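# Working through the structure, step by step
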Amino acid sequence: MTTRREQTSQESRELILAAAAKLFAEKGYRQTTFADVGERSGISRGSIPWHFGSKEGLLLAVLERSLEELRAGLGEPPERVETALDLLAEGAGALFALPTGRLFVNLLVEALEPGSPIQGRYVEMHEALRAHGRRVLERLPLPPGLSAEGLSILLVGAVIGVHQQWLLAPDRVDYPEALAALRALMARAVLPGPAQG
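Note that the structure is predicted; figures quoted are calculated from it, not measured.

### Here's the deal with the overall build of the protein chain
- In terms of helices and strands, the protein chain carries 10 helices and 0 strands.
- Along its sequence from the N terminus, the protein chain presents helices and strands in the succession α-α-α-α-α-α-α-α-α-α.
- With 197 residues in all, the protein chain has 40% of them scored as buried.
- A sequence separation of at least 24 residues applies to 66% of the contacts in the protein chain between residues at least 6 apart.
- With an accessible surface of roughly 11000 Å², the protein chain has 56% of that area assigned to carbon and sulfur atoms.

### Some words on the confidence of the model for the protein chain
- When pLDDT is averaged along the protein chain, the result is 81; 80% of the residues meet or exceed 70.
- Summarising per-element confidence for the protein chain, the mean pLDDT is lowest in helix α5 (residues 81-97) (65) and highest in helix α2 (residues 34-41) (94).

### Details of the packing of helix α8 (residues 119-137) against helix α9 (residues 148-168)
- Between α8 and α9, the shortest axis-to-axis distance is 8 Å and the interhelical angle comes to 125°. By the angle between their directions, the pair α8 and α9 is classed as oblique. At the point where α8 passes α9, the crossing takes the right-handed sense. Only Ala148, Glu149, Leu151, Ser152, Ile153, Leu155, Val156 and Ile160 of α9 make contact with α8, whose side of the interface consists of His126, Leu129, Arg130, Gly133, Arg134 and Leu137.
- Looking at the contact of α8 with α9 residue by residue, the classes come out as 8 nonpolar, 3 polar and 3 charged.

### Brief notes about the packing of helix α1 (residues 4-27) against α2
- Two elements in contact, α1 and α2, have axes separated by 9 Å at closest approach and are oriented at 120°. The angle between α1 and α2 places the two elements in the oblique class. The two elements α1 and α2 meet at a crossing, and its hand is right-handed. Of the residues in α2, those touching α1 at Leu15, Ile16, Ala19, Ala20, Lys22, Leu23, Glu26 and Lys27 are Asp36, Val37, Arg40 and Ser41.
- In terms of residue class, the contact of α1 with α2 is built from 6 nonpolar, 1 polar and 5 charged.

### Comments concerning the pattern of salt bridges
- Applying the stated criterion across every chain, the model contains 8 salt bridges.
- With its nearest N and O atoms 2.7 Å apart, the salt bridge here joins Glu113 to Arg30. Remark: Arg30 occurs in the loop between α1 and α2 and Glu113 occurs in the loop between α7 (108-112) and α8; sequence separation between them is 83 residues.
- Residue classification places Arg30 among the exposed residues on the basis of a relative accessible area of 52%.
- We note a salt bridge from Arg134 to Glu149, for which the minimum N-O separation is 2.7 Å. Of this pair, Arg134 sits in helix α8 while Glu149 is found in helix α9, placing the two residues 15 residues apart along the sequence.
- Relative accessible area serves as the criterion here: at 19%, Arg134 is assigned to the buried category.
- It is possible to trace a salt-bridge network through shared partners that takes in Glu127, Arg130, Arg134 and Glu149.

Reading guide: rules and limits
Residues numbered from 1 in each chain as written. Predicted model: local features only at pLDDT ≥ 70, side-chain atom pairs only at ≥ 80, totals over all residues. Heavy atoms only, no water. Helix = DSSP H or I, 4+ residues; strand = E, 2+ residues; numbered from the N terminus. Buried < 20%, exposed > 50% of the residue type's maximum accessible area, 1.4 Å probe, protein only. Contact = heavy atoms within 4.5 Å. Areas by Shrake-Rupley, 256 points an atom, 1.4 Å probe, with all protein chains shown as cover. pLDDT = per-residue confidence, 0-100. Axes fitted to C-alpha atoms, helices over the stretch in contact; angles between N-to-C directions. Parallel < 35°, antiparallel > 145°, perpendicular 65-115°, else oblique. Left-handed = near helix turned anticlockwise from the far one by under 90°. Nonpolar A, V, L, I, M, F, W, Y, C, P; charged D, E, K, R; others polar. Salt bridge = Lys/Arg side-chain N within 4 Å of Asp/Glu carboxyl O.

Right under this line is the structure:
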């Protein structure tokens, strides 16, 4: 049974993680301080290293939690082709709604640096997205020359690219229209006869 102290510690940890995720997304990792996180979370900044060890440890914990949320949101693919295409489009749209969507974009440059401690988390995130796309695409009647693996890489790249454009200029990028276009292209690739969509 969980003690009151353990419960309070877990609640504090969650408040810190939520505050840090928002601040890293808004200000960037390097510009965010423990003082910022303490102020936003309402938790003493001195307790942050007690929970996470260091700022890097906090960042890794934020990314780990975001990866768990992402995996939890990816369901099992349906049997019908049209439903599978709809699922891919809905899943892409759901990425735009993730509170940590901006965080992933802001930290991308950090992840690309040699020896970055978060590079592995980014690799895992992309692999989770590709694996989900692959599971859906493997159930579709793909024409010769198109593999589920290749298409899943293309889909993830397209969705991330649209997401980044939308974050930079939301007034100029209509992401629902872009995702509808992506779904239509997929329908043309996998559905026999005239594309449905």
